[in-house]
Amino acid sequence: MVGDTHVGYRHRRRDKKAKGAKDLDARDRFQAVMDQANTLDADAIVHAGDIFDHVAIGADRSFVIDALNSELNIPFYYIYGNHDEPASRRTVDRATNDTSGIERLSNDGKSVGEAGVTLFGIDYSHDSFPGESLEASVQSVLSNANVLVVHDTPYPVRNENGHHIHQKRGADFRKAIEQTSSEIDIIVSGHMHVGQQGTLDEFQTPVLVTGAPAPINSGKEDNNPSTWLLRVTESGIDGITRHPL
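Residues numbered from 1 in each chain as written. Predicted model: local features only at pLDDT ≥ 70, side-chain atom pairs only at ≥ 80, totals over all residues. Heavy atoms only, no water.

The name given to the protein chain in an unreviewed UniProt entry is DNA repair exonuclease SbcCD nuclease subunit, with the source organism recorded as Halarchaeum rubridurum.

Encoded structure:
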C-alpha cells in the first residue's frame with residue numbers, strides 16, 4: 001500500500017516545497033516503491049492517489065508508465081488524487097487500456113490474488129464523497145478481505161489515544177460504509193502526507209493513512225517516508241507492517 005508519490009514534485013517552485021524536499025526528485029522514490037514491492041514479494045501494489053504532482057510534465061508521465069511496464073509481474077491498482085491532473089490521468093488511462101497489469105479501482109470492486117481480496121476505489125471527490133455506492137458482489141461477499149481505497153482527509157478517524165487524527169474537511173468516511181451492503185474490512189487513504197493508523201467512528205473499521213514515500217510533509221509531524229504491507233489469509237487481515245524507504 002502506498003500513496004502520494006507526487007512524481008513531478010521537482011518542478012514546483014522552491015518556496016512551495018516542504019523544508020526537507022527542496023531538491024527532491026520523486027521519480028527516484030517511485031522507483032524505490034517498485035523495488036521494495038519486489039523485495040517484499042508483494043502480490044499487488046495498491047496506490048491511494050496522487051501518483052503525480054500537479055506540475056508533472058511528459059517526461060514524468062513517461063517515467064511512471066515505463067516503471068510500471070517493467071514491473072508487470074506485480075499488478076498495479078490505483079485511484080486518482082487531487083494532484084493527478086487531466087493530462088496525467090489520460091496517460092495512465094491509456095496504459096490501463098493497453099496493459100492487463102495496470103488497473104484503476106472503482107465502486108464495483110476488483111478481485112486480487114489467491115488470498116481472496118476485493119479492492120474498491122473512490123477517486124478524490126471531497127464535498128461529493130463518496131459519490132456512487134460501492135457495488136456488492138459475490139466476490140466481495142466471499143472475500144477474505146474487502147479493502148476500500150480513497151484519497152481524502154480521513155474523518156472521523158481516531159488514533160490509539162482516542163483523538164481524531166484530522167478535523168472534518170468535506171469527506172465523511174462513514175457515508176461510504178453506509179452505502180454498501182459489503183462489509184469493508186479496512187479503509188486505505190492517501191492525501192495526508194503523514195502515515196497513521198486509526199479506527200472509524202461508529203463502525204470501528206480500521207483506517208490506514210498511507211503517508212508519502214518522500215519527505216514532503218510540510219506540517220509539524222514527522223515525515224517517515226514508507227510503504228505498508230497488508231497481509232491477508234483465509235482468516236482475513238493477518239497484519240499490517242510499515243516499511244521505511
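Caption draft 1: Focus on the packing of aromatic side chains. All chains considered together, the criterion is met by four aromatic pairs. Aromatic side chains Phe30 and Phe76 sit 6.5 Å apart centroid to centroid with 55 degrees between the ring planes, which places their arrangement in the tilted category. Placement of the pair is Phe30 in helix 1 (residues 26–39) and Phe76 in strand 2 (residues 76–78), with a sequence separation of 46 residues. Each member of the pair, Phe30 together with Phe76, is buried. Three or more aromatic residues link up through ring pairs in this structure, and these residues are Phe30, Phe76, Tyr78 and Tyr80. (Phe/Tyr/Trp six-rings, centres within 6.5 Å; stacked < 30°, edge-to-face > 60°. Helix = DSSP H or I, 4+ residues; strand = E, 2+ residues; numbered from the N terminus. Buried < 20%, exposed > 50% of the residue type's maximum accessible area, 1.4 Å probe, protein only.)

Caption draft 2: Looking closely at the sheet that holds strand 10 (residues 206–209). In spatial order, the strands read 4-5-6-8-10-9-7; together these seven strands make up an open sheet with mixed pairing. Each end of this open sheet is capped by a strand with a single partner; those strands are strand 4 (110–112) and strand 7 (157–158). Where strand 5 (residues 117–122) and strand 6 (residues 145–151) come together, six bridges link them in parallel fashion. The residue bridging Leu119 from the neighbouring strand is Val147, located in strand 6. (Pairing = 2+ DSSP bridges.)

Caption draft 3: Seen up close, the packing of helix 1 against helix 2 (residues 58–69). Direction vectors running N to C along helix 1 and helix 2 enclose 10 degrees, while the axes themselves pass 11 Å from each other. The orientation of helix 1 relative to helix 2 falls into the category roughly parallel. The residues of helix 2 that touch helix 1, namely those facing Arg27, Phe30, Gln31 and Met34, are Asp60, Phe63, Val64, Ala67 and Leu68. Among the residues forming the contact of helix 1 with helix 2, the class breakdown is six nonpolar, one polar and two charged. (Axes fitted to C-alpha atoms, helices over the stretch in contact; angles between N-to-C directions. Parallel < 35°, antiparallel > 145°, perpendicular 65-115°, else oblique. Contact = heavy atoms within 4.5 Å. Nonpolar A, V, L, I, M, F, W, Y, C, P; charged D, E, K, R; others polar.)

Caption draft 4: The arrangement of the pattern of salt bridges in detail. Taken as a whole and assessed by the stated rule, the structure comprises 11 salt bridges. Measuring nitrogen to oxygen at the nearest pair gives 2.8 Å for the salt bridge that ties Asp53 to Arg12. Placement of the pair is Asp53 in the loop between strand 1 (45–47) and helix 2 and Arg12 in the segment before helix 1, with a sequence separation of 41 residues. On the basis of relative accessible area, Asp53 is assigned to the buried category, the value being 1%. Salt-bridge contacts for Arg104 lead to Asp123; the nearest nitrogen and oxygen are separated by 2.3 Å. Linking Arg104 in strand 3 (residues 102–104) with Asp123 in the loop between strand 5 and helix 4 (138–142), this pair joins segments that are 19 residues apart in sequence. If you follow the salt bridges from partner to partner, you end up with Asp93, Arg104 and Asp123 in one network. (Salt bridge = Lys/Arg side-chain N within 4 Å of Asp/Glu carboxyl O.)

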